[in-house]
Amino acid sequence: MKRRYSIGIDFGTESGRALLVDLTNGEEVATHVTVYSHGVIGEKLPGSGQKLGTDWALQHPGDYMEVLRRSVSEVLRTASVNMEDVVGIGVDFTACTMMPLDSTGTPLCLKAEWREDPHSWVKLWKHHAAQTEANRMNEIAKARGETFLPRYGGKVSSEWMIPKIWQILNEAPHIYEAADMFMEAADWIVMQMTGEQIRNSCAAGYKALWNKREGYPSRGFLQSLDPAMADLAETKLRGTIAPLGSKAGGLSWEMAGVMGLCPGTAVAVGNIDAHAMVPACGVVTPGKLVMAMGTSTCHLMLSDKEVHAEGISGVVEDGIVAGLYGYEAGQAAVGDIFAWYVDHAVPAYIKQAATEAGITVYEWLEREASAYLPGQSGLIALDWWNGNRSVLADADLSGLLLGCTLQTKPEEIYRALIEATAFGTRKIIEAFTDSGIDVDELYACGGLPQRNRLLMQIYADVTGREIKIADSVQTAALGAAMFGAVAAGSEEGGYDSIVDAAAKMAQLRKETFKPNPAHAAIYDELYKQYSELQDIFGRGGSQVMKKLKEIKVKG
Ligand SMILES: Nc1ncnc2c1ncn2[C@@H]1O[C@H](COP(=O)(O)OP(=O)(O)O)[C@@H](O)[C@H]1O
Ligand SMILES: O=C(CO)[C@@H](O)[C@@H](O)COP(=O)(O)O
């Protein structure tokens, strides 16, 4: 039988990658990563060098195009696959990663007249500078009894589309005015490939408050935020919203040339990175919590019922797999906390020791931290280095490390940071189970489970549950490729549904991580302390974190 392929393109926080997958069995034939040359723009604008404010995080759209240009042709070249045998393309993206466009679909930051205004740039998911707008939105939505609010755990996040747009209107009304549309980067990149302006229902649902039955928030609500935004839904957020797995269009002649593929190749509507990973773990039924663990962690669940739970970021009908309610919760920093520690807080002697041992600093710290028992260091941390997404939904909270003494070692701090992220995940699991959504099994995917065994064991011990691991190292790209195969359809050698694609293309590793009962018992005790700290610092017991932020912002 002739082999058929699909390409998944995963746009992460620091880089993008293409993965060429065999449709019959999910074999990952070739992969290529392109690191974004502008990275995350957090301090100053490229070109003008203009300083950015606290909590800003921008990106350059040209970096996304570079991934299409380099990584796609590279996977075809290394795999020696004929372009005619690639039947589908799917993309997944971080979200809400959004940008203002002019009427030709060009990002405003690429135009000379707007380039020097930070608000013309792509706002990355972790741009947290719209917290004031999110807080105000929450107050207004609550006071008006808006029906959308309970679907988002009672709180809209500063990471999402409407707070980000409102920040633009408040701080740069000329950019708001100049924007013909605001678009998720996932939809923009699909538009670059196909020429079709189609929004995906996943990002619209989780990040722009859109609902299959009710649409976007009402004109009355948007007007109550600012009269200038009354028509936002019909104007700057306009366009078809299509379900996951739909074909957005065929690859254009121009982009086919750029990417080395055939014109007309089916391109699926975009998807969110974490959500694409769910079927790529083989999860298409309720009761299985998927942890997409990388820079951040997203927690995804399927259920046949809709419940509204505090701290669960969103429930969207058909949001992950058609026919089921998809739930998302998350931690805004996980790998990012370890990256901060390794880059900014580890002493030189450790870097030296890691180099001498021929391993990375992460590996050195993992090796040393593995020698400790739970609780042995006397340390505990709150994992809020990038605010708290679930269950408190508050970007103004910050990290905390407690219990340091003159004897404290860097590897003990590293272990405490890992444990803190595991405690944060346990809070999220409890938020699901307390609201009546059963969590029967845990699945882990993303970059971290492949790289850090200690971390996975700590998660099993802290949650008291066995964890299954996705076999794919590129789980998001695999999920995107699966949706590409669905967009192509079975007649072209693809699949007719994501459930069919998952049955053939998703694989799990044989090895799982099982809790150690003795360690789990100590972690139960430590978790009580974590919970107490969460209540003190996150639920109003102490205003210290808020005050520090206030003083910092005032400068
Ligand atoms: N050995 C390791 N242990 C723990 N974290 C690691 C290790 N190696 C890399 N990381 C973290 O992994 C994160 C990147 O995860 P990855 O899944 O590759 O990216 P993304 O989430 O952006 O798609 C970084 O934040 C980095 O700090
Ligand atoms: O917020 C979401 C998904 O809803 C993610 O896109 C965001 O956390 C970024 O994910 P990564 O950690 O870069 O994989």
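In what follows, the structure referred to is the one given above.
Here's what I pulled together on the structure shown here. The structure presented is a predicted model; accordingly, all values stated were derived computationally and were not measured.

1. Description of the site of ligand 1
In the vicinity of ligand 1 lie 13 residues, with Thr295, Gly335, Tyr362, Gly447 and Arg451 positioned nearest. In the environment of ligand 1, a nitrogen atom lies 3.5 Å from a nitrogen or oxygen atom belonging to the side chain of Tyr414. About the coverage of ligand 1: the protein hides 82% of its 580 Å² of free accessible area. Those elements that place two or more of their residues in the shell around ligand 1 are helix H10 (335-344) and helix H14 (447-451). Tallying contributions element by element places H10 first for the shell around ligand 1, with 4 residues.

2. A look at the packing of aromatic side chains
In the structure shown here, the tally under the stated rule is 16 aromatic pairs. On the numbers, 5.8 Å between centres and 70° between planes, the contact of Phe338 with Tyr414 is edge-to-face. Of this pair, Phe338 sits in helix H10 while Tyr414 sits in helix H13 (residues 410-434), placing them 76 residues apart in sequence. With respect to class, Phe338 is no different from Tyr414; both count as buried. Centroid distance Phe423 to Tyr523: 6.0 Å. Interplanar angle 70°. Geometry classified as edge-to-face. With Phe423 in helix H13 and Tyr523 in helix H18 (residues 517-538), this pair connects stretches of sequence that are 100 residues apart. This pair shows no difference in class: Phe423 is buried, exactly as Tyr523 is. One aromatic cluster is present, built from ring pairs that chain together Phe338, Trp340, Tyr341, Trp385 and Tyr414. The positively charged end of Lys236 is found above the aromatic ring belonging to Tyr176, 4.7 Å away from the centroid.

Cut-offs applied
Residues numbered from 1 in each chain as written. Chains lettered and ligands numbered in written order. Predicted model: local features only at pLDDT ≥ 70, side-chain atom pairs only at ≥ 80, totals over all residues. Heavy atoms only, no water. Near = heavy atom within 4 Å. Polar contact = N/O pair within 3.5 Å; in protein donor to acceptor, adjacent residues only side chain to side chain. Areas by Shrake-Rupley, 256 points an atom, 1.4 Å probe, with all protein chains shown as cover. Helix = DSSP H or I, 4+ residues; strand = E, 2+ residues; numbered from the N terminus. Phe/Tyr/Trp six-rings, centres within 6.5 Å; stacked < 30°, edge-to-face > 60°. Buried < 20%, exposed > 50% of the residue type's maximum accessible area, 1.4 Å probe, protein only. Lys NZ or Arg CZ within 6 Å of the ring centre and 35° of its normal.

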